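Reading the structure
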There are 4 protein chains.
Amino acid sequence: MPGNSFGQLFRITTFGESHGAAVGAIIDGCPAGLKLSEEDIQPDLDRRKPGQSSITTQRSEADNIRILSGVMEGATTGTPILVIAFNKDAKSSDYNKLKELYRPSHADYTYELKYGIRDWRGSGRASARETLARVAAGAIAKKYLFEKCGTQFLSYVEQTGTIRTDIDLNKVTRKSIDGSIVRCPDKAISHKMLKLIEQVRREGDSIGGIIKGLIKSPPPGIGEPVFDKLPADLGKAMLSINAVKGFEFGSGFGGASMRGSAHNDGLFLKGKKISFSKNDAGGTLGGITTGQDIYFRVAFKPVATIAKQQKTVTKSGKTVLFSAQGRHDPCVLPRAVPIVDAMAAIVTMDHYLRQLSSAAGR
Amino acid sequence: MPGNSFGQLFRITTFGESHGAAVGAIIDGCPAGLKLSEEDIQPDLDRRKPGQSSITTQRSEADNIRILSGVMEGATTGTPILVIAFNKDAKSSDYNKLKELYRPSHADYTYELKYGIRDWRGSGRASARETLARVAAGAIAKKYLFEKCGTQFLSYVEQTGTIRTDIDLNKVTRKSIDGSIVRCPDKAISHKMLKLIEQVRREGDSIGGIIKGLIKSPPPGIGEPVFDKLPADLGKAMLSINAVKGFEFGSGFGGASMRGSAHNDGLFLKGKKISFSKNDAGGTLGGITTGQDIYFRVAFKPVATIAKQQKTVTKSGKTVLFSAQGRHDPCVLPRAVPIVDAMAAIVTMDHYLRQLSSAAGR
Amino acid sequence: MPGNSFGQLFRITTFGESHGAAVGAIIDGCPAGLKLSEEDIQPDLDRRKPGQSSITTQRSEADNIRILSGVMEGATTGTPILVIAFNKDAKSSDYNKLKELYRPSHADYTYELKYGIRDWRGSGRASARETLARVAAGAIAKKYLFEKCGTQFLSYVEQTGTIRTDIDLNKVTRKSIDGSIVRCPDKAISHKMLKLIEQVRREGDSIGGIIKGLIKSPPPGIGEPVFDKLPADLGKAMLSINAVKGFEFGSGFGGASMRGSAHNDGLFLKGKKISFSKNDAGGTLGGITTGQDIYFRVAFKPVATIAKQQKTVTKSGKTVLFSAQGRHDPCVLPRAVPIVDAMAAIVTMDHYLRQLSSAAGR
Amino acid sequence: MPGNSFGQLFRITTFGESHGAAVGAIIDGCPAGLKLSEEDIQPDLDRRKPGQSSITTQRSEADNIRILSGVMEGATTGTPILVIAFNKDAKSSDYNKLKELYRPSHADYTYELKYGIRDWRGSGRASARETLARVAAGAIAKKYLFEKCGTQFLSYVEQTGTIRTDIDLNKVTRKSIDGSIVRCPDKAISHKMLKLIEQVRREGDSIGGIIKGLIKSPPPGIGEPVFDKLPADLGKAMLSINAVKGFEFGSGFGGASMRGSAHNDGLFLKGKKISFSKNDAGGTLGGITTGQDIYFRVAFKPVATIAKQQKTVTKSGKTVLFSAQGRHDPCVLPRAVPIVDAMAAIVTMDHYLRQLSSAAGR
């Protein structure tokens, strides 16, 4: 299959370029009978949209989502759902001069290498604007999972540059996350992060960071060994997001220096129910969910687009100087939080549906 | 699709349990005309097999691979290749007492949760013995890619516990890797790692570590945005390996604290050819290979099986004490190196074939 | 995967309902660099659209196709192509009374059985209006294949009721097909068919028929044994079209009563090239194209919607009388010809791309 | 995906060549907890195996099936099931002289065209011996469906040459089918068919025929519009069987000459349950099962291998005479009956599992 689809039973296929006519997705496999309207999706898009705060790009897109199929009289019918947002404030002229050159650490060079052609208008398909479609699809998965299983997705910004929060996962709420412009639920740290991002912007530079992913009360027993283990699909989902360089779950890279006797999570009886002493596993064993919360970390590099002058080369083999003129985020993490949530929800939803088949022997 | 297949055009499906009759794979989609015999595969299996050194499990398996289809007169015919190794030294009796209890941090509990049943003999399908099949399939991909593109796979153990090498990637050779029992090409560090592993074994414990993955001279232009980016599929492949908790490529988690101006890799002209000043990207831009080497890191937790006594619970709800009696590795990393290489080769091969279709417009 | 996608490397996913906002498709996997605009697609849609002649439904839809992604400056970029036609003349009120009843031989009953809900407006997703999206996607495949391989798709109406043409396949041209309102290239027979269809309409009834599919100069060597043989995928494609009840290729059902000595197609040398004495095979051997023309037949039942009064039952368990009031075709075959061509082109295109990978050993 | 897998959630991948070491399949996605042993599979293989009667090839293969994974203590565990039969009586020497020539109407020419190489030993992968694997996989699906849903698969030979039975579908039993060497449940017609086949064999020729497929009491509500309609997948499954040239279901090609008023199946109330006046639909509406029996017809051409002398050409461009010396069936239909049943069961099983996900909104 070509690369623009994700998921097997809850399957999304996205389309659209940064400065094309529209961006959107077909969601195929959403069970029938889910109450759904644009109002269920729009809030998540609003968390991702540009221009929402002083530290995000000032491109002015309403990102109004429309559902063009698959829903009748306020409920899904089991047929493909098309969600679409038409582009409005697409200033291709901003990019005209970039037509001939390869921006450092952008996909310009590789898209041309691969396809022999590239859409040079605002990174075309390689723009993070594509993730709008993922957020819309994820909103549907989130709604279904919350109603069926009580599952919640509560990702937040854990680190920006070297500023980092160690907030207790149990204290994180959607409200505390969204109470912060940088989407860090730790007030003091959030303030420091904001200062850093503002400084980076003044310098014409960009900065990376880490998002902590959190899935509360996931359905137990989901994940399909040996290749489609839940963390494997979750990792792929995260690594497919623009600017992501790393993924770890549970103890992660830190677990590499631990001993087994310290790392092993104990099982014990809580009344008649099996319970775990801790959760270094991160919510899965052998790739299958235990029912404990799933937590993971996603590393984002600093975005490649910076105002500082850089040297690069053109298609015709000239060395040139250039500096980005477009409207960009100095730090993508605040807007990436809903993308992480969306992809986590899509993976969870897909595996929830797959488990129905795996459990069909009972 | 169920979870036991990986890859789209070079597609492997594995089968077999630790103490069942056999372990193996069907490889579907291997191009016809590749010279191939068991001798091309066996050396990689020998790198993975138990009992190869003083620090690996003493289970005695020859792991002799047989090819039962898809090859005629020493060449592939384009039809499915079945590779199989029959199990010999499977002492299920070692596991008899584990039938009723859930070992901490093993997949016992979740397999039963998911399937309602589990193969309790040596972890059944959840055993790393399954990776034998991946190594066999990977050997085929490695051979094809080396002959077609000169690509090489040179993963090694970078870290065990907190002992770590900073060896220059350009100095790593297959010989220096395999010259070390722990598969660390840095002699001095390798020696320290060996001491640590021996100590851990004496303590009846286990230890984790990090494997550095290295793909030299990968085919340029491979990787399928927006979901099947090369690092996304590579990450999934690694995260599907037993005991893996994290994956990062290029600058990885370290990139999260960098500024864009420092992180961006410059493009310049080397003669008439485009070249890069450095490789913090890790060999891909926008999910597509530049042609530069790909490097990545894979974090392994300490294996769950330890000789130390642990408390746990049984199916029937009793608390019990137990300690592993079977033959196990105190540190899986030396034997995991060929698995990482194999999965990296399978991903690269699959995307090499996919690119033929993406480039079909030219 | 859910059921709304077709193809593996040239992959279409369709969306939309008869009386929803729009109908369309994402085409993922179209090679970059193909010259493409709406003008390349519209003519095929015009062959399928309602209201084009006196014997087709008078629903008035312009079916104007728009391309919203994947094309820049007149050429495909290798990214997903969204094609969409907004619905205009959707008179749901025509269907209001059908909300509660199950029309005989329609999908009303089974959609509700399967999904627990159904879009009752003009058959919803089960309407043949969905095939508009297939025709649009097929137009792209047809253009690519004609430019790369000189392949042409020339299906026509062979039989309506019991009236049938035996026209020589070599004499069939697009012009002779489209010179006939019923899309039968045999003038005398076409006239008889027209009379029959007009009579059937006057009777408030409907009539079935057979379309002969013809693929001229297909790429040789395509088709993927053992399951994805070209005729198997072609057959599936045809059997997925509304109202289709049968598919045969080459000698088809007639071959069942032949002897091998008569059925076998001889090979001989034409100069230095291998040639065939005849083509009872229908253009493939072992599921792989020989390079000869492919021909096949597709049986359509009479459409279920008729003006005649019928008895049926309602959801609430009442027996009722009803007769269709909407605007319908007494015979769908003339409008189904471009659908057959489109699906044949999509299958051929998909297998053409797949063969690039199968041939990668050379 | 390459072409050797079939099904999505109940997914089989077959391997093996006629004169290679073995033939078999991995079945991935079989639900855990199904009681299963070799004894459940062998009887179906015995219906397909060579040498079972005077009119089948005398190649002597026991076709003993072994299960090498996925089953523990007599029950499936949810992991991949490997079924395998080792080849014994493979006389490649019979084929030695065919190495250089292309047999008429065989896949020799096209496999070489496609892959650049071919396994010339007894047709290699293109041999119907591959279907052994399908029958083994189908036996598992049949067992599951019978236990869960009471579904039965009762295909039989309806036509050989021009001799045809019109037996009432309700009178067909497994016993009456297997009471006939030609697998035609109509005694008088069976006798005539036998005479015909014996005569054809004496003439050194072969003969085709038609198998009627019958699925009794299929699960209602299965089939995934718009592309994976049940008859579309069923048709593909049948068209992937060696020598098949056509597929029709319900009224089939005969329906093409009917009027809608005659073809439409009426709905009426039988007590409080919805029932149908007849079943010209063949058990599905809009591609989804109604719960009525599914019936279909599969056309087989006469096998290409005949003893009569034929002229053909060699790879090096010479015209030669040859006649088949191997051991072959003059009519494959009796042995093809279990293959039709197996593929029908695999399709039904796959869609049964898929429906669990489609119905997940309730």
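Everything numeric in this text was worked out from a predicted model, so none of it was measured.

Time to look at the overall build of chain A. Secondary structure assignment for chain A yields 8 helices and 19 strands. Buried positions account for 67% of the 362 residues belonging to chain A. Looking at chain A alone, contacts between residues at least 24 apart form 72% of all its contacts between residues at least 6 apart.

Mapping chain B onto chain D calls for a screw motion: a turn of 180° about the axis and a shift of 0.0 Å along it, with 0.0 Å RMSD after fitting. In the structure described here, the two chain copies are related by an operation that fits a two-fold rotation axis. Most of the interface of chain B is mirrored in chain D, where 100% of its interface residues are also at the interface.

On to the interface of chain B and chain A. Interfaces are often described in size by the accessible area the parts lose on coming together. Taken together, the contacts link 96 residues of chain B with 96 residues of chain A. A per-class count over the side of chain B that touches chain A returns 40 nonpolar, 38 polar and 18 charged. Strand direction decides the pairing type here: strand S12 (residues 244-249) of chain A and strand S13 (residues 244-249) of chain B, joined by 3 bridges, are antiparallel. Its bridge partner lying in S13(B), Phe247(A) is registered against Phe247(B).

A few words now on the packing of helix H6 (residues 230-239) of chain A against helix H6 (residues 230-239) of chain B. Put simply, H6(A) and H6(B) touch, their axes get as near as 8 Å, and they point 160° apart. In terms of orientation, H6(A) and H6(B) fall into the roughly antiparallel class. Viewed along their axes, H6(A) and H6(B) form a crossing whose handedness is right-handed. Between H6(A) and H6(B), the contacting residues are Pro231(A), Ala232(A), Asp233(A), Gly235(A), Lys236(A) and Leu239(A) on the first element and Pro231(B), Ala232(B), Asp233(B), Gly235(B), Lys236(B) and Leu239(B) on the second. By residue class, the composition of the contact of H6(A) with H6(B) is 6 nonpolar, 2 polar and 4 charged.

A few words on the pairing of strand S9 (residues 156-160) of chain D. Residues and elements named next belong to chain D. S9 sits mainly inside the fold: 5 of its 5 residues count as buried. As judged from the 4 bridges shared by S9 and strand S11 (residues 209-216), these two strands associate in the antiparallel manner. Considered in S11, the bridge of glutamine 159 is made with isoleucine 210. Here 2 bridges tie S9 to strand S10 (residues 163-164), and the two strands are oriented antiparallel to one another. By the bridge assignment for S10, threonine 160 is matched with isoleucine 163. Counting the residues that bridge the hairpin from S9 to S10 gives 2 residues, and of these glycine 161 lies at a positive phi of roughly 55°.

Under the fitted operation, chain B is carried onto chain A by 0.0 Å of movement along the axis and a turn of 180°, and the coordinates agree to an RMSD of 0.0 Å. Comparing interface residues between copies, 100% of those in chain B also sit at the interface in chain A, which points to an isologous, same-surface contact.

On to the interface of chain B and chain D, then. In this assembly, 36 residues from chain B lie in contact with 36 residues from chain D. Of all the elements in the fold, those that place two or more residues in the side of chain B that touches chain D are strand S2 (11-16) and strand S3 (22-28) of chain B. Looking at which element gives the most residues to the side of chain B that touches chain D, the answer is S2(B), with 4 residues. The class makeup of the residues in the side of chain B that touches chain D is 15 nonpolar, 15 polar and 6 charged.

Take the environment of Gln199(C) next. With respect to the secondary-structure elements, Gln199(C) resides in helix H5 (residues 187-202). Sequence separation of Gln199(C) and Thr289(C) is 90 residues, and the distance between their C-alpha atoms is 41 Å.

All names here are of chain A. When helix H1 (residues 38-48) is considered as a whole, its buried residues turn out to be Ile41, Asp44, Leu45, Arg47 and Arg48. Taken end-on, H1 shows its buried residues confined to a sector of 150°, consistent with a single buried face. The exposed set on the far side of H1, more than 90 degrees from its buried face, consists of Glu39 and Pro43. On its buried side, H1 packs onto strand S7 (81-86), helix H3 (131-149) and helix H8 (333-358).

Next up on the list: unusual backbone geometry. Note that the residue after Pro225(A), namely Val226(A), is joined by a cis bond; omega there is 0°. Here Val226(A) shows up in the loop between strand S11 (209-216) and H6. With a phi angle near 50°, Glu73(B) is a residue other than glycine that sits in the positive phi range. Examined against the element boundaries, Glu73(B) turns out to sit in the loop between strand S5 (71-72) and strand S6 (75-76). Positive phi is not limited to glycine here, since Ser105(C) has a value of about 60°. Relative to the helices and strands, Ser105(C) resides in the loop between strand S8 (101-102) and helix H2 (108-115).

The next thing to look at is the nonpolar core. Within the largest apolar cluster, 445 residues are counted, with the highest numbers of intra-cluster contacts made by Ile346(A), Ile346(B), Ile346(C) and Ile346(D). Excluding its chain neighbours within four sequence positions, the residues that come into contact with Ile346(C) are Phe6(C), Gly7(C), Phe10(C), Ile12(C), Ala137(C), Gly138(C), Ala141(C) and Ala237(C).

Residues and elements named next belong to chain C. Reading across from one edge, S8-S19-S20 is the order of the 3 strands in this open sheet, with antiparallel pairing throughout. Sheet topology places S8 and strand S20 (319-322) at the edges, where each strand pairs with a single neighbour. Relative to strand S19 (residues 310-314), S8 runs antiparallel, the two being bridged by 2 bridges. Each residue of the ladder has a partner; that of leucine 101, found in S19, is threonine 314.

Another point: helix H5 (residues 187-202) of chain A. Residue and element names in this part refer to chain A. The end-to-end C-alpha distance of H5, which contains 16 residues, comes to 23 Å, matching closely the 22 Å that a straight helix rising 1.5 Å per residue would cover. Of the residues making up H5, those classed as buried are Ile189, Ser190, Met193, Leu194, Ile197 and Val200. One face of H5 carries all of its buried residues, which in axial projection span an arc of 140°. Facing away from the buried surface of H5 by more than 90 degrees, the exposed residues are Lys187, Ala188, Lys195 and Arg202.

Here the focus is the environment of Asp44(D). Residue and element names in this part refer to chain D. Mapped onto the elements, aspartate 44 comes out in helix H1 (residues 38-48). Between the C-alpha atoms of aspartate 44 and aspartate 108, which are 64 residues apart in sequence, the distance is 29 Å. The contacts of aspartate 44, once residues within four sequence positions are left out, are Val135, Gly138, Ala139, Pro338 and Ala342.

Here is what the cut-offs are and how they apply
Residues numbered from 1 in each chain as written. Chains lettered and ligands numbered in written order. Predicted model: local features only at pLDDT ≥ 70, side-chain atom pairs only at ≥ 80, totals over all residues. Helix = DSSP H or I, 4+ residues; strand = E, 2+ residues; numbered from the N terminus. Buried ≥ 20, exposed ≤ 12 C-beta atoms within 10 Å, placed from the backbone. Contact = placed C-beta atoms within 7 Å. Least-squares fit on C-alpha atoms with pLDDT ≥ 70 in both. Nonpolar A, V, L, I, M, F, W, Y, C, P; charged D, E, K, R; others polar. Pairing = 2+ DSSP bridges. Axes fitted to C-alpha atoms, helices over the stretch in contact; angles between N-to-C directions. Parallel < 35°, antiparallel > 145°, perpendicular 65-115°, else oblique. Left-handed = near helix turned anticlockwise from the far one by under 90°. Arc of directions from axis to C-beta. Core = buried A, V, L, I, M, F, W, Y, C linked by C-beta atoms within 7 Å. Expected span 1.5 Å × (residues − 1).

Honestly, it's all geometry; don't read function into it.
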